[in-house]
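Examining the three-dimensional arrangement
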Amino acid sequence: MRKLAAVVCLLSAMMLPAAHAAEVAVLDWRAALMNTQSAQASLSRLEGQIGNQQREAQSLGNELQQIQQRLQNEGDTMAQSQRESLIGELQQKGSRFEQLRQEVMQTQQRSEQQFLESAEAKLEQAVAQVLERHGIDVLVEPQGVLHSGVDLPNVTDEVTQIFDTLN
């Protein structure tokens, strides 16, 4: 009986289709997108939109540091009215700095969201072409690979190149 069971198992195993290893590759989709011509154009447009605000915020940041330093160094020896005036200036410029920072962040987030929405279909198309071209069964992000005994092909640059050719 044991011999019969062993033979049946052996025959069953021989009849199963041979399992093949899945083709696995790595894609850093963020890098693929950020290296595209359309991403670079989007970043240039964004810089044009927020460049003045960033420069103003940088200038205000420098002024705030100078005022704080002055208050720390000379605050004890200053007249009360002068100290209060500097504190008021610090608060006013601090508020403006925070307002600019919020505006810049919101504009950046909107721009990023718009770009991602407009690029999603093209990215999917570029990835599909690379998967088909290389017969890739499994695509993983570089951060998602805990261990690999072999170097996995990285298709990030190829996806970027194909993305740039799509209309």
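Please read these numbers as outputs of a predicted model, since none were measured by experiment.

Moving on: the overall build of the protein chain. Secondary structure assignment for the protein chain yields 5 helices and 2 strands. Along the protein chain, helices (α) and strands (β) appear in the sequence α-β-α-α-α-β-α when read from the amino end. By residue count, 25% of the 167 residues in the protein chain fall in the buried class. In the protein chain, 81% of the contacts between residues at least 6 apart in sequence involve partners at least 24 apart. Total accessible area on the protein chain stands at roughly 12,100 Å², and carbon and sulfur atoms take up 52% of it.

Now for the packing of helix α4 (residues 80-134) against helix α5 (residues 156-165). At their nearest, the axes of α4 and α5 sit 9 Å apart, and the two run at 125° to each other. It follows that α4 is oblique to α5 by the angle criterion. As α4 packs across α5, the resulting crossing turns out to be right-handed. Together, A119, K122, L123, A126, V127, Q129, V130, R133 and H134 of α4 and E158, V159, I162 and F163 of α5 make up the contact between the two elements.

Another aspect to go through is the packing of helix α3 (residues 37-74) against α4. The contact between α3 and α4 brings their axes to 9 Å, and the two run at 165°. One finds that α3 runs roughly antiparallel with respect to α4. Crossing of α3 against α4: the hand is left-handed. Class assignment for the residues of the contact of α3 with α4 results in 15 nonpolar, 12 polar and 8 charged.

What follows deals with the confidence of the model for the protein chain. Any segment with low pLDDT has predicted coordinates that should not be analysed in fine detail. The pLDDT averaged across the protein chain works out to 86; a share of 87% of its residues lies at or above 70. For residues 1-20, every residue scores under 50 in pLDDT, and the model assigns this stretch 1 contact once sequence neighbours within four places are set aside.

Scoring rules and cut-offs
- All residue numbers refer to position in the chain's written sequence, counted from 1.
- Reporting in this predicted model follows two pLDDT cut-offs: at least 70 for local features of residues, and 80 or more for side-chain atom pairs to be given and counted; totals over whole chains, interfaces and linings ignore these cut-offs and use all residues.
- Values reported for side chains reflect all heavy atoms of the structure, with hydrogen atoms and water molecules removed beforehand.
- Per the convention used, a helix needs a DSSP run of H or I reaching at least four residues, while a strand needs a run of E reaching at least two, with both numbered from the N terminus.
- Only protein chains enter the area calculation, which uses a 1.4 Å probe; residues under 20% of their type maximum are buried, those over 50% are exposed, and those in between are partly exposed.
- Only heavy atoms enter the contact rule, under which two residues are in contact if any of them lie within 4.5 Å.
- Values of accessible area rely on a 1.4 Å probe in the Shrake-Rupley scheme; residue burial ignores everything except the protein chains shown.
- Helix axes use the C-alpha atoms of the stretch in contact, all axes being lines fitted to C-alpha atoms, and the angles between their N-to-C directions lie in the range 0 to 180 degrees.
- Roughly parallel here means an angle under 35 degrees, roughly antiparallel means over 145, roughly perpendicular means 65 to 115, and every remaining angle is called oblique.
- Handedness of a crossing is defined here by the sense of rotation of the near helix relative to the far one, left-handed for an anticlockwise turn of less than a right angle and right-handed for a clockwise turn.
- All amino acids are sorted into three groups, where Ala, Val, Leu, Ile, Met, Phe, Trp, Tyr, Cys and Pro are nonpolar, Asp, Glu, Lys and Arg are charged, and the leftover types, Gly among them, are polar.
- The quantity known as pLDDT measures the predictor's confidence residue by residue, on a range of 0 to 100.

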